[in-house]
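Below, each chain spelled out in residue letters.
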Amino acid sequence: MTQRAVDSSGKQKPRRPRPAPIDAGSELDPVHPMKLPASAVRSSGLTAAEVAERIARGEVNDVPVRSSRSIGEIVRANVFTRFNLIIGVLWLVMLFVAPFQDSLFGYVIIANTGIGIVQEWRAKKTLDGLAVIGEAKPTVRRDGAAAEISTSEIVLGDLVELGPGDKVVVDGAVAEADNLEIDESLLTGEADPVLKQPGDPVMSGSFVVAGGGAFSATKVGREAYAAQLAEEASRFTLVQSELRSGISTILKYVTWMMVPTAIGLIISQLVVKKTDLKDSIARTVGGIVPMIPEGLVLLTSVAFAIGVVRLGRKQCLVQELPAIEGLARVDVVCLDKTGTLTEGGMDVTEVRPLGGADDPYIRQVLANLGASDPRPNASLQAIIDAYPSPNGEAWHCTEALPFSSARKYSGAAFDEGSGKASSWLLGAPDVLLPDHDPALGEIEQLNQEGLRVLLLARAQGELEGPQSAAGAEPAALVVLEQRLRPDAGQTLRYFADQRVATKVISGDNAVSVGAVAGKLGLPGAEHTLDARRLPTDPDDMATAMEENAVFGRVTPQQKREMVAALQSRGHTVAMTGDGVNDVLALKDADIGVSMGSGSEATRAVAQIVLLNNSFATLPSVVAEGRRVIGNITRVATLFLTKTVYSVLLAILVVCFQVEYPFLPRHLTLLSTLTIGVPAFFLALAPNKERARPHFVRRVMRYSVPSGVVAGIATFATYLIARHYYTGPHALEAETSAATLTLFLVSMWVLAIIARPYTWWRIVLVAAMGAAFLIVLVVPWLQGFFALKLVGTVMPWAAVGIAVVAATALEFTWRLVSRRFPV
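Residues numbered from 1 in each chain as written. Predicted model: local features only at pLDDT ≥ 70, side-chain atom pairs only at ≥ 80, totals over all residues. Heavy atoms only, no water.

Undergrad: In this structure, what is going on with the pattern of salt bridges? I would like to understand it.
TA: Close approach of charged atoms allows side chains with opposite charge to pair. This model, assessed by the stated rule, comprises 22 salt bridges. Put simply, E546 and R569 hold a salt bridge, and the shortest N to O gap is 2.8 Å. One end of the pair, E546, is in helix α17 (residues 538-547); the other, R569, is in the loop between α18 (556-568) and β21 (573-577), with 23 residues separating them in the sequence. Among the residues examined, R569 registers a relative accessible area of 31% and is labelled partly exposed. Where salt bridges share partners, they join D430, D530, R532, R533 and R553 into one cluster. (Salt bridge = Lys/Arg side-chain N within 4 Å of Asp/Glu carboxyl O. Helix = DSSP H or I, 4+ residues; strand = E, 2+ residues; numbered from the N terminus. Buried < 20%, exposed > 50% of the residue type's maximum accessible area, 1.4 Å probe, protein only.)

In structure tokens form, the structure reads like this:
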């Protein structure tokens, strides 16, 4: 491993060695790995020969962590559905008893299913490629040298190095520990980090919050404690979402309606009417097939999959599909300042000695503090860059206290030579200083300018323990300037325009954070609150969260409580972050968003990973989610309108004891022109409509009255035609008149759903109407679809009834919108 400190020439210098490694001994026993002491692990790690031997024995971490479903799972999910089974059986029946035209619906389903498979396969390729880019690679020590390798290349007995933010990828035993604190809350539910000593076990799925060290892998592959959980968590999943649960609810109701209606239709057509068997079967199937909204699930999957591909092109990894939908429904975004509003790097602008401290000595202290930490955070890295470790003059570090977001300071003890020793702390001034210290006024002024201030203080006692900061003597203020992200201001304005509240939650000083947020134009940036003054009561905390926009000195546990408080008020909360202190809040938020450069732990629990580390990508995710939600709501209304009028027609046919008016070919034509083709284009069209809740209610309140109007108008035309036409070909003429009415009414439903009109929507609706007109006037197509309008009275009567139905649709939609708003 190499130190990130640089000397005056700008070249990197070697890191300070870790604490003395454990004594060498025999290699780890793979049969009883946890029973051996840590001293059984060589500090140099395995040799190349030992690694090859373990690979040959299959002792490799070969858990297939995937970011997407396999090809087999995609095929099964698209092919083996409940409705595909019903349609498949009906299709086979029609192949034997009816002409080719009446089995067209089966080929349409095959084509639709094929489209779904291809689109999800494209999404899989995108996700797999992005997952490789975003995959974190643990550092493993082999033959005495440290190197980054893929998680799948770790073998039993490997010595894996750890630092802040690193996730434990396999089970193991600690071999080296330098104030190593590990958070196991994701596995055990225990929120407090655990201080690990050599010999202590570590579990896969936990992560380092402070300190560093190394552990020896004792369980790899599927034997690791969290292997199955990790695989499941990082998989391309179709987890809970309002769209999917709503569609499942709709399909359940459709099944309940369809089964008794279909049974009644079968009895009516095959038993009671006693007409020609093949024709009765064809008309029965023609009544059952349109009840099934077979393309609704398919189009939802396609819309999600295409959204994943689109976002993938913007270096946004969507680890769970509904995250696209979820972020579009978010009304509160909680942002961590560092890494989100500001870039990771900082610059030291000034060092102000306090209490008459000697300036050269203070600089020497800062240089040695930087050299004492093998894994510096962004603040310490800025100090290292400004004050490189002096060549040949470095003090000997006798004790180190790594930075912890919970205590908000780090420290080190030094032997300065000539029998002189000192201990130093570096961290938040308002934590290290008493409340009324005169230096706090100076610090407050700097914070109001958006500058970050650290306090260097001489510790009076031992670094370990909760009282390590007690009595610390202030020595200097280290003033840091943060680098603002150039695109952060525009993104904050976007959320403000979309009425999404933004809360900046940071471990830094609240005034300083508020000044940074104010520079970026955050609404309410002047409303800042120190989290140490937050009420503990959840309801009072929720009130404070809603009234303020900027929060400072927030602990990791408080971030989690803040998210819960907002959720208790009915808010849908997104949390962004990149550090280990964000993990618990990311996990509990409705949507967790991690930066690609963030710790492995944050990427593991987040649903969305911004691989380009750009907060400006979030509006694209919101827009994609709104496109999916808005468009699926539109097309769902189309599909369910068809289901409603099909069920109603079947019920009316049974009650009036007449032949079902349509053959499968008629409804295949109608479904293709008024639903299938338009729905495909509408589902993928741009849509910036704000996401709204209650998907099922919003869809059903329009589709039920539309289906009822269409069904009644069609059946009325059919009954009038039965009294008007006589002779051997009367049924064909009656069907043609009824088909014309149903097409015109369905086209009007499509025209309403296509609003607001754009040039391509007008062209789409007009093209569907033109296609039906071509079928009516081309003799070959007339014969193929058994559609021929006879005379002029009934066709014009069918048009007149359709006009009345269209007027009723307009009135009904406006009435529903006023009386039943969602």
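Next comes the rest of the account.
Undergrad: I keep staring at the pairing of strand β5 (residues 159-162) and nothing clicks. Help me out?
TA: Residues in a regular strand project their side chains so that they alternate between the two faces of the sheet. Neither face of β5 is open: one carries L159 and E161, the other V160 and L162, and all of them are buried. Sheet analysis places strand β3 (residues 139-142) next to β5, joined by three bridges and oriented antiparallel. The residue bridging T139 from the neighbouring strand is E161, located in β5. Relative to strand β9 (residues 207-219), β5 runs antiparallel, the two being bridged by four bridges. The residue of β9 that forms the bridge with V160 is F215. (Pairing = 2+ DSSP bridges.)

Undergrad: When you look at the environment of I263 in this model, what are you seeing that I'm missing?
TA: Tracing the chain through its elements places I263 in helix α7 (residues 242-272). Here I263 falls in the partly exposed class, since its relative accessible area comes to 45%. Spatially, the C-alpha atom of I263 lies 9.4 Å from that of I288, the residues being 25 residues apart in sequence.

Undergrad: It is not clear to me how the sheet that holds strand β11 (residues 332-335) should be interpreted in this structure. Could you clarify?
TA: To summarise the sheet geometry, strands pair through backbone hydrogen bonds and adopt either a parallel or an antiparallel arrangement. A sheet is described by the order of its strands in space; here eight strands give the open sequence β10-β23-β22-β21-β11-β18-β20-β19, paired in mixed fashion. Looking at the sheet topology across the chains shown, the edges are occupied by β10 (316-318) and β19 (528-530). Taking the axes of each pair of neighbouring strands and ignoring which way they run, one obtains an average angle of 20 degrees across the sheet. Where strand β18 (residues 501-505) and strand β20 (residues 550-552) come together, two bridges link them in parallel fashion. Bridging across to β20, V504 finds its partner in V550. (Axes fitted to C-alpha atoms, helices over the stretch in contact; angles between N-to-C directions.)

Undergrad: Which parts of the structure should I look at to understand unusual backbone geometry?
TA: Residues apart from glycine generally show negative phi values, whereas peptide bonds are mostly found in trans. Omega for the bond connecting R755 with P756 falls within 30 degrees of zero, at -5 degrees, which places this linkage in the cis form. Within the secondary structure layout, P756 lies in the loop between α24 (730-753) and α25 (759-777). We note that R553 has phi near 55 degrees; this positive angle belongs to a residue other than glycine. Note on placement: R553 falls in the loop between β20 and α18.

Undergrad: What is the right way to look at a nonpolar patch on the surface in this model?
TA: A contiguous nonpolar patch, built from L92, L95, F96, F100, Y107 and I110 and spanning about 640 Å² of accessible area, is present on the exposed surface. Listing elements by their share of the nonpolar patch, those giving two or more residues are α3 (82-97) and α4 (104-134). With three residues, the single largest contributor to the nonpolar patch is α3. Looking at the secondary structure, you find Y107 in helix α4. (Patch = residues over 30% accessible without salt bridge, like charges linked within 9 Å, V, L, I, M, F, W, Y side chains within 5 Å. Areas by Shrake-Rupley, 256 points an atom, 1.4 Å probe, with all protein chains shown as cover.)

Undergrad: Sorry if this is basic, but what is going on with α3 here?
TA: Owing to its 3.6 residues per turn, the α-helix aligns residues three or four sequence positions apart on the same side. Taking 1.5 Å of rise per residue, 16 residues should cover 22 Å, and α3 covers 23 Å from first to last C-alpha, within 8% of that figure. Among the residues of α3, those classed as buried are F83, N84, I87, L90, W91, M94 and V97. Down the axis of α3, the buried side of the element spans an arc of 160 degrees, and every buried residue falls inside it. Every exposed residue of α3 that faces more than 90 degrees away from the buried side is listed here: L85 and F96. (Expected span 1.5 Å × (residues − 1). Arc of directions from axis to C-beta.)

Undergrad: Explanation requested: the packing of aromatic side chains in the structure shown.
TA: Each aromatic ring pair is summarised here by two numbers: the centre-to-centre distance and the angle between the ring planes. By the definition in use, this model includes 15 aromatic pairs. With centroids separated by 6.0 Å and ring planes inclined at 85 degrees, the aromatic side chains of F680 and F681 adopt a geometry described as edge-to-face. Assessed through its relative accessible area of 28%, F680 is described here as partly exposed. One aromatic cluster is present, formed by Y361, W395, F414 and W424 through successive ring pairs. (Phe/Tyr/Trp six-rings, centres within 6.5 Å; stacked < 30°, edge-to-face > 60°.)

Undergrad: Looking at this model, I keep getting lost on the environment of V500. Mind explaining?
TA: Looking at the element boundaries, V500 is found in the loop between α15 (488-497) and β18. In this structure V500 comes out as buried when scored by relative accessible area, which is 8%. As a C-alpha pair, V500 and V330 span 170 residues in sequence and 7.2 Å in three-dimensional space. Other than its neighbours up to four places away in sequence, V500 contacts V330, D331, V332, V333 and F495. (Contact = heavy atoms within 4.5 Å.)

Undergrad: Mind showing me how you'd approach the side chain of E325 here?
TA: Its place among the elements puts E325 in helix α10 (residues 322-329). Owing to a relative accessible area of 1%, E325 belongs among the buried residues under this scheme. A polar contact of 3.0 Å, which involves the side chain of E325, links it to the side chain of R329. With residues up to four places along the chain from it excluded, the contact list for E325 reads S241, E242, L243, F304, G625 and I629. (Polar contact = N/O pair within 3.5 Å; in protein donor to acceptor, adjacent residues only side chain to side chain.)

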